[in-house]
Amino acid sequence: MESLELIVAVAVAVLVAGWAARRTGLSEPLLLLTAGCLMGLTPAFGGVSLAPEVVLLLFLPALLYWEALTSSVREIRHNLRSIALQSTALVLVTAVAVAVVAHAFGYPWPLAFVLGAVLAPTDAAAVAAVARAMPRRILTVLRTESLLNDGTALVLLAVAVEVVAEDAAFSWASTSLRFVESYGGGIAIGVAAAFVLKWVRRRLDDPLLHSVLSVATPFLAFLPAELLHVSGVLAVVTCGLVSSRYGPRVIGPDARVQATAFWEVASHLLNSALFVLVGVQLPAAVRALTSADLLRAVAAAGAVSAAVVGARFLWFYTVPYAVRALDRRPAQRERRIGAAQRMPLAWAGMRGAISLAAALTVPAVTADGRPVEHRDALVFTTVVVIVVTLALLGPTLPAVVRRARFDADREQAAEVALAHRHLSAAALRELPALARRYAVAPSTVAHLERDITDRMTGGAEAARRSHGAHQLETALLRVKRKALTELRDAGLIDDIVLRGVQDVLDAEDVRLSLKAARMPAVTRPVPPEAPVASGWSGDRH
């Protein structure tokens, strides 16, 4: 029952915090964190402990896969140098900065480096939750950095924990070899998994089975990597990126809509649940603190938080300028951004549940049975840094983005227009032959041809007609829904029949919504003031 109570409480917290965030404009991650902290103060949930295996083996693969699947491979390729430096060198720089500060507060060097590895990576969930207003290029760099730096940090953590728990000697050669093996092995397994699953997908006809495979994919990539002791993170991310390239060719529209709807809900729920669970751990971390007095522990955590944030700021206002001085190619000059535009990159350094899960994996005793000193302080510091970065950086990031005054992403708008023109031209070329094949009446062909031409030219008159047609079709759908519900209420059709017809109406509604979302802002339809009255909401149960 305790597990069920926790699930229900987390779900309620996610709903309430999400509703409050949309009503007040406050940071949703911060509200989720606060809700979790309040839960942790209650007797019912005060003893709840976040199992690191659940985060690293269940939450992490699923979240990484969806983030990778929805990333831009082209932008990653164009910004590969920045991403590679931020996901490797910046992780190491942050780990060293944290270790130096932690050692100054009494941590032994090995455990100080463990803390550095724990806090070095940014959190993909936290970054994705607050960085959506950024331009495509900047957002891709941040998202991909937060996907890949987990792999670097987890390898670094494994080495540091080995030194702490087993009194193993640190070796630069063996550590470098482990990094190469972890990265190379993870990427190879991710590519192999993606192409094996591509072969499987070509042989699936049922959209439901495609969706099942989509859910299983991150774990099918993660498991062999973990069994071979290479980076499961890199395997999942690589599999997601490769799958995003071949997906449009082997996955049908029904399966794609179904899987996308699932992943959007699942990723939001998993992200939100993680924030709540991190908040639950804060009171427990305070209660478990015995190796240092609370005031000193808070001072140490504050100093480490400053080191985490400061290292990132120092990086973004030094290293890019050094690279700029070395690389003066014209193509690179065109991609440079100013100091103001660099600020959101430096500001987006939130830590999250991955850091907490990593901290909880640190063993309580060494191989010879001696207790690991300061482990409780390490967990406490990790929780405080997560709270500080989410509370200070997350809510203020949108304002920082606005102050950066990024130029409008005209390139993306131009590419959207190009895609629509190209698709319309291709349809017009094939329309006569297809009309003859399917024996379509000339009047219908003329109507389709005019509609395609209007969309291709995108003139003001065509936009006005599209606007009016959209309003008419939407109103007719409301009429149909009302009539369908009246038939069911009168007992003339069964609920099963209602749901079958309703599925068709819902699919048409989704099509119209997507069409409206692609209209120019000036012609986008305004929702009616009040819906058509009906005895039933029309939502499918």
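Definitions and cut-offs
- Residues numbered from 1 in each chain as written.
- Predicted model: local features only at pLDDT ≥ 70, side-chain atom pairs only at ≥ 80, totals over all residues.
- Heavy atoms only, no water.
- Helix = DSSP H or I, 4+ residues; strand = E, 2+ residues; numbered from the N terminus.
- Expected span 1.5 Å × (residues − 1).
- Bend = angle between axes of the 7 residues up to and from the residue.
- Core = buried A, V, L, I, M, F, W, Y, C linked by side-chain atoms within 4.5 Å.
- Buried < 20%, exposed > 50% of the residue type's maximum accessible area, 1.4 Å probe, protein only.
- Contact = heavy atoms within 4.5 Å.
- Axes fitted to C-alpha atoms, helices over the stretch in contact; angles between N-to-C directions.
- Parallel < 35°, antiparallel > 145°, perpendicular 65-115°, else oblique.
- Left-handed = near helix turned anticlockwise from the far one by under 90°.
- pLDDT = per-residue confidence, 0-100.

Moving on, we get to helix α8 (residues 136-166). Given a rise of 1.5 Å per residue, 31 residues ought to cover 45 Å, and the 45 Å separating the end C-alpha atoms of α8 matches this to within 8%. At L148, α8 is deflected by roughly 25°, the largest bend along its length.

Counting 122 residues, the largest nonpolar core has M39 and V114 as the members making the most contacts within it. Residue contributions to this core peak at 14 residues, all from α8. The contact partners of M39, leaving out residues within four places of it in the chain, are L6, A9, V10, A13, F45, G46, V276 and V280. L477, L484, L505 and L512 belong to the second-largest nonpolar core, a separate cluster that totals 5 residues.

Attention now goes to the packing of helix α2 (residues 28-40) against helix α18 (residues 375-404). Remark: α2 packs on α18, axes separated minimally by 9 Å, with the N-to-C direction vectors making an angle of 150°. In terms of orientation, α2 and α18 fall into the roughly antiparallel class. The interaxial crossing formed by α2 with α18 has left-handed handedness. On the side of α2, the interface is formed by P29, L30 and L33, while α18 contributes V387, L390, A391 and P395.

Right, let's get into unusual backbone geometry. The phi torsion at H229 lies on the positive side, around 60°, for a residue other than glycine. Its place among the elements puts H229 in the loop between α10 (207-227) and α11 (232-250). With a phi angle near 55°, A439 is a residue other than glycine that sits in the positive phi range. Position of A439 among the secondary structure elements: in the loop between α19 (410-437) and α20 (442-457). What makes A439 exposed here is its relative accessible area of 69%.

Scored by pLDDT, the chain comes out at a mean of 85, with 91% of its residues at no less than 70. Taken together, the stretch residues 521-541 has pLDDT below 50 and engages in 30 contacts with residues farther than four places along the chain or on a different chain.

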